[in-house]
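Breakdown of the fold
Chain by chain, the residues:
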Amino acid sequence: MKRQEAEDLSVPDEGQAILDFGRAFPDEAIRAIHPTADGHAFFVRLHDGKAGIVLSQGRHYLCHLIVPGKVRITHAQSGRGLALSFNDTATFDGTYEFANAETAAEVSLWILGSFSS
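So, here's what we can say about the structure. All figures in this text were calculated on a predicted structure; none of them were measured in a lab.

**Focus on the environment of Phe-98**
One can find Phe-98 in the loop between β7 (94-97) and α3 (101-113). Relative accessible area serves as the criterion here: at 0%, Phe-98 is assigned to the buried category. Distance in space between the C-alpha atoms of Phe-98 and Phe-42 is 10.0 Å, their sequence separation being 56 residues. Setting aside anything within four residues of it in sequence, one finds Phe-98 in contact with His-34, Pro-35, Thr-36, Ala-37, Phe-43, Arg-80, Gly-81, Leu-82, Thr-103, Ala-104 and Val-107.

Next up, the structure:
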C-alpha cells in the first residue's frame, strides 16, 4: 500500500492543480488548462485574458499568476515547448514541453494575450 501511495503522489493531478490555483487566486476563474508533456506543470487561461502556471511539487502545487513585464518567453528547440524566464521569481523558470506544437503555440498566445490591456 505504501508503494501505491508513493506512485499516486508521483502522478500530478489536474483536478488538484485547479483546486489549488483556485485557493491561491480565489477571484480568478479558469477557462482552460493545459498540462505539460510530463504532467508536472499546468498552464491556465483565465476568464479575463490573464494566464497562470501551476507546478507540481509532490502533494503540493505552486501557483503563479503571470504578470505582464515580468516574464520572458521564447520557443524551445524541440518546437513543442516554451522557455520561460520570470523576473520576479526564478522558481518557475524553465523549459516546458507540451504534447504537440499546437498546444505550445496556444499557451504562448495565452501568455502573450495576458499582456494586452
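The structure having been displayed, the exposition proceeds.
**Some details on the sheet that holds strand β5 (residues 71-75)**
Across the sheet, which stays open at both edges, the three strands sit in the order β5-β6-β7 with antiparallel pairing between neighbours. The sheet terminates laterally at β5 and β7, the two strands that pair on one side only. The mean inter-strand angle of the sheet, taken between neighbouring strand axes irrespective of direction, is 25°. The pairing of β5 with strand β6 (residues 81-86) spans five bridges and is classified as antiparallel. Each residue of the ladder has a partner; that of Ile-73, found in β6, is Leu-84. Together, β5 and β6 form the strand contacts of α3, whose direction differs from that of β6 by roughly 30°.

So, how was this worked out
- Residues numbered from 1 in each chain as written.
- Predicted model: local features only at pLDDT ≥ 70, side-chain atom pairs only at ≥ 80, totals over all residues.
- Heavy atoms only, no water.
- Helix = DSSP H or I, 4+ residues; strand = E, 2+ residues; numbered from the N terminus.
- Buried < 20%, exposed > 50% of the residue type's maximum accessible area, 1.4 Å probe, protein only.
- Contact = heavy atoms within 4.5 Å.
- Pairing = 2+ DSSP bridges.
- Axes fitted to C-alpha atoms, helices over the stretch in contact; angles between N-to-C directions.

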